[in-house]
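# Structural overview for review
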Amino acid sequence: RQSNMATSCIGGYSRPKRVVVAATQMSCSNIWEDNVSRAEKLVRLSHENGAHVILLQELFDGLYFPQDQDEGNFARALPRTGHPLLARMAKLAAELEVVLPISFFEKAGQAHFNSIVVFDADGQDLGLYRKSHIPDGPGYQEKFYFNPGDTGFKVFQTRYASIGVGICWDQWYPEAARSMVLQGAEILFYPTAIGSEPHDPELNSFDHWQRVMQGHAAANLVPVVASNRTGVESSLSGDTSIVFYGGSFIAGQTGEILATAPTDSSEAVMVAEIDLELAARKRAGWGLFRDRRPDLYGSILTLDGHSQQARHL
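Structural notes, computed from the coordinates. In this text the structure is predicted, and so the values were computed from the model without any measurement. Throughout this description, residue numbers start from 1 for each chain and increase along the sequence as written. In keeping with the model being predicted, local features are shown solely for residues with a pLDDT of at least 70 and side-chain atom pairs are shown and tallied solely at 80 or more, while totals for entire chains, interfaces and linings include all residues. As a convention, hydrogens and water are excluded, and side-chain values are obtained from all of the structure's heavy atoms.

### Quick word on the overall build of the chain
Helical segments are the DSSP runs of H or I of at least four residues, strand segments are the runs of E of at least two, and each set is numbered from the N terminus. Counting its secondary structure elements, the chain contains six helices and 16 strands. C-alpha atoms define the radius of gyration in this analysis, and the globule rule sets the expected value at 2.2 Å times the number of residues to the power 0.38. Against the compact-globule benchmark of 20 Å for 313 residues, the chain has a radius of gyration of 19 Å, which places it among compact chains. Along the first, second and third principal axes, the C-alpha set of the chain runs to 60 × 55 × 40 Å. Working rule for contacts: check all heavy atoms of both residues, and any pair within 4.5 Å makes them a contact. Restricting to contacts in the chain with at least 6 residues of sequence separation, those with at least 24 account for 68%. By element, 53% of the accessible surface of the chain is carried by carbon and sulfur atoms, the whole surface being about 13700 Å². Only the protein chains shown count as covering a residue, and every accessible area follows the Shrake-Rupley method with a 1.4 Å probe.

### Brief notes about empty space enclosed by the protein
Once rolled over the atoms, a probe with the size of a water molecule shows which space is left empty. Cavities and pockets were defined on a 1 Å grid built from protein atoms only: a cavity is a group of points that admits a 1.4 Å probe but offers it no way out, a pocket is an open group of points flanked by protein on both sides within 12 Å along at least five of seven lines, and a lining residue is one with an atom within 4 Å of any such point. Grid points are joined across faces, edges and corners, and a volume is the space filled by probe spheres set on the points. The full count for this structure, using the stated rule, is one cavity of 30 Å³ or more. Space inside the largest cavity adds up to approximately 60 Å³. As for the largest cavity, its lining consists of Leu-63, Tyr-64, Phe-65, Gln-67, Asp-68, Arg-76, Glu-233, Ser-234, Ser-235 and Leu-236.

### Some points on the sheet that holds strand 16 (residues 268-275)
Judged by pairing direction, the sheet is mixed, and its three strands sit side by side in the order 4-3-16 without closing on themselves. The open sheet is flanked by strand 4 (53-55) and strand 16, the only strands paired with a single partner. Averaged over neighbouring strand pairs, the angle between their axes works out to 20° when direction is ignored. Taken strand by strand, helix 1 (residues 32-48) contacts strand 3 (18-25), strand 4 and strand 16, and its axis lies near 40° from that of strand 16. The axes are straight lines fitted to the C-alpha atoms, using for helices just the contacting stretch, and the angles between their N-to-C directions are given from 0 to 180°. Against the sheet, helix 5 (residues 276-286) contacts strand 3 and strand 16, and its axis sits at roughly 60° relative to strand 16. Two strands form a pair only when DSSP identifies at least two bridges running between them.

### Side note on the pattern of salt bridges
Salt bridge, as applied in this entry: a Lys or Arg side-chain nitrogen positioned within 4 Å of an Asp or Glu carboxyl oxygen. Tallied over the full model, the rule gives 18 salt bridges. With a closest N to O distance of 3.3 Å, Glu-273 and Arg-18 form a salt bridge. Taken together, the residues span a long stretch of sequence, with Glu-273 in strand 16 and Arg-18 in strand 3 at a distance of 255 residues. Between Glu-233 and Arg-229 there is a salt bridge, with the nearest N and O atoms lying 2.7 Å from each other. According to the relative accessible area criterion, Glu-233 is buried, its value standing at 3%. Here's how the labels work: a residue is buried when its accessible area is under 20% of the maximum for its type, exposed when over 50%, partly exposed in between, all with a 1.4 Å probe on protein chains only.

### Concerning the nonpolar core
Grouping buried Ala, Val, Leu, Ile, Met, Phe, Trp, Tyr and Cys residues that are joined through side-chain atoms within 4.5 Å yields what is termed a nonpolar core. Of all hydrophobic cores here, the largest spans 28 residues; its most connected members are Val-21, Ile-163, Phe-189 and Val-225. When residues of this core are assigned to their parent elements, the largest contribution, four residues, is made by strand 16. Not counting residues within four places of it along the chain, the set of residues in contact with Phe-189 comprises Val-21, Val-53, Leu-55, Ile-163, Gly-164, Val-165, Gly-166 and Val-225. Formed by 26 residues, the second largest nonpolar core is a distinct cluster that contains Ile-54, Leu-56, Ala-90 and Ala-93.

### Structural notes on the sheet that holds strand 11 (residues 224-227)
Two pairing modes exist for strands in a sheet, parallel and antiparallel, and in both the strands are linked by backbone hydrogen bonds. Spatially, 8-9-10-11-14-15 is the arrangement adopted by the six strands of the open sheet, whose pairing is mixed. Whereas interior strands pair on both sides, the edge strands pair on one side only; in this sheet they are strand 8 (155-157) and strand 15 (257-260). Here the average twist between neighbouring strands, direction ignored, is 20°.

### Re the layout of surface pockets
Its boundaries defined by the atoms lining it, the largest pocket holds a volume of some 460 Å³. Around the largest pocket sit 15 residues that line it, and Glu-175, Ser-179, Tyr-297, Ile-300 and Leu-301 are the ones nearest its centre. At the level of secondary structure, the elements contributing two or more residues to the lining of the largest pocket comprise helix 3 (174-182) and helix 4 (206-220). By residue number, the principal contributor to the lining of the largest pocket is helix 3, which donates five residues.

### Points about helix 2 (residues 84-96)
For helix 2, built from 13 residues, the straight-helix expectation of 18 Å at 1.5 Å per residue is met to within 8% by its first-to-last C-alpha distance of 19 Å. Those residues of helix 2 lying buried are Leu-85, Leu-86, Met-89, Ala-90, Leu-92, Ala-93 and Leu-96. All buried residues of helix 2 fall inside an arc of 165° around its axis, so they share one side. Taken together, the buried residues of helix 2 touch helix 1, strand 5 (100-108) and strand 6 (111-119). Positive phi shows up at Glu-97, right after helix 2, with a value of about 55°. Any helix carries an expected span of 1.5 Å times its number of residues minus one. What the arc covers is the set of directions going from the helix axis to the C-beta atoms.

### Observations regarding the environment of Thr-263
Take Thr-263: it is sitting in the loop between strand 15 and strand 16. Placed 33 residues apart in sequence, Thr-263 and Thr-230 show a C-alpha to C-alpha distance of 8.0 Å. Thr-263 has contacts with Phe-206, Tyr-245 and Gly-247, leaving out every residue within four places of it along the chain.

Just distances and angles here, no functional claims.
The following block contains the structure:
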């Protein structure tokens, strides 16, 4: 499959001009082996459909535990080194020659992070990203569990493409998407866990969630892949319940939807082919990065909008 693809030389070695990406979705249980086996099945199905880079959802090896605050959930966190999920996914990536960004609950000393490791198509660990933006609200009480990420936004040079990965709440921030594309990301990936709002049963944020990432694609002229979980999950306390939206999707470089999954509890795999060379030409030709004015964006580096530069005017 890979040997028949047209390639170009980037950074001194060959990469395909066209890459097939996959978004997936599934429901989760509190049984680790069932979740990991189901995820592995989706990876294999994506591979059978030609995918080179395959995205699984956020924290797919268990229930979405941040629905409530329970100290017992910290036992779910494990160090990156020797982590059984990461070892298994590295082996799978090497076997299928696919790239896998893998979400996990990381323990690092006394800190805990919502993290991603990216495995290249030979199973090599390309590095770690820790979720930068941590939400806190009814049913999504992540600040209780996760330290703010300290890695900064990163780009991973894989066999098939240079990719940027944000995690769930990161997807709402245009600064994160722009930072990754400025560093050379050709495709953005967002593993997520979003659904109903326990405090407001009438609120459905699915369209908003999807549109903001379509905007990242259009504003940066890069494709975006988002994988979300599905199904109904209740908190361990029984106080809240979330209906996860599903609706995983792939957007093209102008924000157009290339593939989308049902917004229900269905397991799904969606694939789309990305022409990296065409995207790069359009990104350059449209002029958005040529006409940027970083010297005027100082207020973005502040919390209140009053940059040091502006105070001197």
